[in-house]
Amino acid sequence: MATLAELANQRTLLDEPTIDHLLRLTASWSLLSDLSFSDMLMMARVDDSANNAEDNFVVLGQMRPNNRSTLINDDLVGTTQRSIAWPLVRLSFESGTRIVGEAKIDDVADVIPVWCVPVRFSGRIVAIMVRLQGPLRGPASLYEQAYLSIFERLCSMVADSTFPYREQDVAGPGLPRVGDGIILIDGRGRVEFATPNATNALHRLGIYAPAEGRTLRELGLKVRVVERSLEFGMPAMEEIDQGHDVAILFHCVPLLEHAEVSGVVVLMRDVSDLRQLNRLVLNKEAAVREVHHRVKNNLQTISSLLRLQARRSDEPETRIALGEAERRVRSIAVVHEVLSREPGEEVVFDEIVRSLVLLVEDTVLALHPVEILVNGELGTLSTDLATPLAVALAELLTNAVEHAFTEFGGAANDHVGVVTLNLYQEDDHAIAEIRDNGRGLGRDFSLDLPTSLGLSIVRDIIRAQLRGTIEMTNVAYADGGGTFVRVSVPLNARL
Ligand SMILES: Nc1ncnc2c1ncn2[C@@H]1O[C@H](COP(=O)(O)OP(=O)(O)OP(=O)(O)O)[C@@H](O)[C@H]1O
Ligand SMILES: [Mg+2]
């Protein structure tokens, strides 16, 4: 479908600034359509000079009301309307005045009331805005009459080129609509009337006094934009909050008459729910981050206490045991540290791996020089999976650094201990392989029979908690052997 600009360029003689004016008018005219409960058409004269044809009109735009059913089911945009069928449009175009009458439209059985409003730009009539009025549902209510009077004033502004506003559009996504609530303010800033929805919104702001005849300031409402709109004749918007729960958006649309501001239409929308939702999301994120931060701090405190206690003990065994416990606590703290920076259901596991490697290198006082290499990555994992997996990997890395190289002697030896951690995803599983070039597992080693704590923790986490598998085997390399551990855990298990 052709756009207004394309149609105007192809079918009319309108120049760029004029087309731009019509574009801005149609960006805001849903307000007019809603205020008048009517379908609207924008018609411009077709350039038919080549065919010597009579004066016809092309429909450049069509708008349906949001608050009534439409009269016209067809899409008329781009159609040519013969001026014989639209004598009033032609009359309005030629006289430059608003013409009110009746018209017969192809797919509508009855004649319908129409308004032809001239659109003036740079002193010329450039198009006709046609209002096609639907049947009235009984006598117009008070506020319907008020809507129509506002509509009429805006039509005069269209003919005076003061609507659309140069500064901004007054309708569109996110902006309050007619049905949200309207307060009409007179030229002196006093409320002329408020629709039922607008009155509700005032109640939400704690204002129960009758509004008619008073200024918003007298009512106890500080809406600076109303005064600004009255003073400068520009549309303006402001959000007024009442406590934490209520937020009302005020959108001021000035009414101009002979270059004077004669009133302001205030469209009001209760945006409390939206704001609350935003606040809730923000608050929840901040709270989750804070919780992780505190958990991390607490774990670090515990690990310091363990370290202190280890130092005090004279028994080497106790020292080692407390030292191990300290390391375990710290490896859990690593995960919370990462989560406190980017909270959520998921966490970048590779950041955790980096911290874990530093932690293992830090804590394990290997007599033998050891290098830890990491290949590949697991990407983002759910936090339910990341925390236990991190603890298990810390145990396995620690074991490799601690036990694999005990038979190779001290640093003087030219054997270099290498521990590699391979990480990858395969068939919806996270795979971690830990390989070392150390002494390998003892002959009577069995993963299923460890009485020691480290591997019991690993077994419990990988098999029972994460429903995964773990294998530990000896491998042979050309230049020796070592231990190979393969851990596989499902990514989507319901934990
Ligand atoms: N990479 C490895 N190379 C050689 N032996 C290993 C390796 N990993 C584990 N082992 C052997 O398996 C045993 C059990 O390991 P486990 O982690 O359960 O206990 P631990 O490390 O001795 O004590 P802790 O409970 O403090 O971890 C170790 O004592 C060690 O003999
Ligand atoms: Mg261990």
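Cut-off values and rules
Residues numbered from 1 in each chain as written. Chains lettered and ligands numbered in written order. Predicted model: local features only at pLDDT ≥ 70, side-chain atom pairs only at ≥ 80, totals over all residues. Domains from an automatic or database assignment. Core = buried A, V, L, I, M, F, W, Y, C linked by C-beta atoms within 7 Å. Buried ≥ 20, exposed ≤ 12 C-beta atoms within 10 Å, placed from the backbone. Contact = placed C-beta atoms within 7 Å. Helix = DSSP H or I, 4+ residues; strand = E, 2+ residues; numbered from the N terminus. Pairing = 2+ DSSP bridges. Arc of directions from axis to C-beta. Near = placed C-beta within 6 Å. Nonpolar A, V, L, I, M, F, W, Y, C, P; charged D, E, K, R; others polar.

Focus: the domain arrangement of the chain
Taken domain by domain, the chain consists of domain 1 (4–159), domain 2 (178–270), domain 3 (286–344) and domain 4 (345–495). One C-alpha centre belongs to domain 2, the other to domain 4, and the line joining them spans 67 Å.

Concerning the nonpolar core
For soluble globular proteins, the rule of thumb is that nonpolar side chains tend to be buried together. Within the largest apolar cluster, 76 residues are counted, with the highest numbers of intra-cluster contacts made by Met43, Leu60, Ala127, Ile128, Val130 and Val266. Shared between two domains, this core takes at least three residues from each, and those domains are domain 1 (4–159) and domain 2 (178–270). Apart from the residues within four sequence positions on either side, Val130 is in contact with Met40, Leu41, Met43, Val89, Val114 and Cys116. Counting 47 residues, the second-largest nonpolar core is a separate cluster that includes Leu322, Ala333, Val334 and Ala394.

Digging into the pairing of strand 2 (residues 56–63)
Of all eight residues in strand 2, eight are buried, a share of seventy percent or more. Of the strand pairs in this sheet, strand 1 (residues 38–45) and strand 2 are connected by six bridges, and their pairing is antiparallel. Counterpart to Met43 in the pairing with strand 2 is Val59.

Description of helix 12 (residues 453–465)
Residues of helix 12 that are buried: Leu455, Val458, Ile461 and Ile462. The arc that holds every buried residue of helix 12, seen down its axis, measures 130 degrees, which confines them to one face. For helix 12, the exposed residues set more than 90 degrees away from the buried face come down to Ser456 and Ala464. Two residues or fewer past helix 12, Arg467 is found with a positive phi of approximately 55 degrees.

Considering the site of ligand 1
Near ligand 1, the surroundings consist of 17 residues, among which Asn399, Ser452, Leu453, Gly454 and Leu455 are the closest. For the shell around ligand 1, the elements supplying multiple residues, two or more each, are helix 11 (383–403) and helix 12. Per-element accounting of the shell around ligand 1 gives the leading share, four residues, to helix 11. Each residue belonging to the shell around ligand 1 can be placed in one class, and the counts come to seven nonpolar, six polar and four charged.

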